Amino acid sequence: QWEKRRNGVFMYIYGKPLWIPGKYWFYLNYIPLAGGMPDFRYHDLEQAYWWDLCVESNPRVIGGIVITARRDGKSAWGGGMLLEAATRVSKYVGGAMSKNEKDAEKFFQEHVVPAWQSLPFFFSPVFDNKTSPKKEFNFTKPSRGGAKLDSSDLMIGELEDKTLDSKI
């Protein structure tokens, strides 16, 4: 699953071999829409090619504008790409802009949180224990203190820190 997510996969669709970019594969398999999971569409595949080749691979580009009809899955795609990067890349900081803060929160709660909640365990990184976040995700270890704090927490040097330190 990780190999397909990172590198994409070749698949036969209607008898033609097509390369499905990893982010589009992740979207098709793990990002829920209001009516269920997304369907494969050639238009979305072309958008994924554009995203992969023109946006992701160019360090001077920080995003793109997609113009389509309403109810075409743009928000689900955007939320999925935001979640995909934040759950894979260390020290990633992502966010959403909208005409006001309330709409950005609504986007987060409708398109990022449900997608994150539906991720399988092997794609879900360590997080700060907020099971239904309202405004942000922090993919860091939960803080401990009070009665839960013991001497091992004061010792320096956990050998492996498995947190991404990413946030949305």
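Residues numbered from 1 in each chain as written. Predicted model: local features only at pLDDT ≥ 70, side-chain atom pairs only at ≥ 80, totals over all residues. Heavy atoms only, no water.

(A) How the structure looks around the packing of aromatic side chains. Enumeration over the complete set of coordinates arrives at 14 aromatic pairs. A centroid spacing of 6.1 Å and a plane angle of 20° characterise the contact between Tyr24 and Tyr27, whose relative ring orientation is stacked. One end of the pair is Tyr24 and the other is Tyr27, both in helix α2 (residues 22–30) and 3 residues apart, which spans about a single turn. Here the two residues Tyr24 and Tyr27 agree in accessibility, since each one is buried. Considering the side-chain rings of Tyr30 and Phe123, the 5.2 Å spacing of their centres and the 90° angle between planes classify their relative orientation as edge-to-face. Residue Tyr30 is located in helix α2, and its partner Phe123 is located in the loop between α5 (101–117) and β3 (138–139); the two are separated by 93 residues in the primary sequence. (Phe/Tyr/Trp six-rings, centres within 6.5 Å; stacked < 30°, edge-to-face > 60°. Helix = DSSP H or I, 4+ residues; strand = E, 2+ residues; numbered from the N terminus. Buried < 20%, exposed > 50% of the residue type's maximum accessible area, 1.4 Å probe, protein only.)

(B) Examining the pattern of salt bridges more closely. Following the criterion strictly, the structure yields 5 salt bridges and no others. Two residues, Glu84 and Arg5, come together in a salt bridge whose shortest N-O distance is 3.1 Å. Of this pair, Glu84 sits in helix α4 (residues 74–86) while Arg5 sits in helix α1 (residues 2–7), and the two are 79 residues apart along the sequence. Residue Lys23 is joined to Glu84 by a salt bridge in which the shortest nitrogen-to-oxygen separation is 3.8 Å. Of this pair, Lys23 sits in helix α2 while Glu84 sits in helix α4, and the two are 61 residues apart along the sequence. Exposure remark for Glu84: the relative accessible area of 0% places this residue in the buried category. Among the charged side chains, a salt-bridge network with shared partners connects Arg5, Lys23, Glu56, Glu84 and Arg88. (Salt bridge = Lys/Arg side-chain N within 4 Å of Asp/Glu carboxyl O.)

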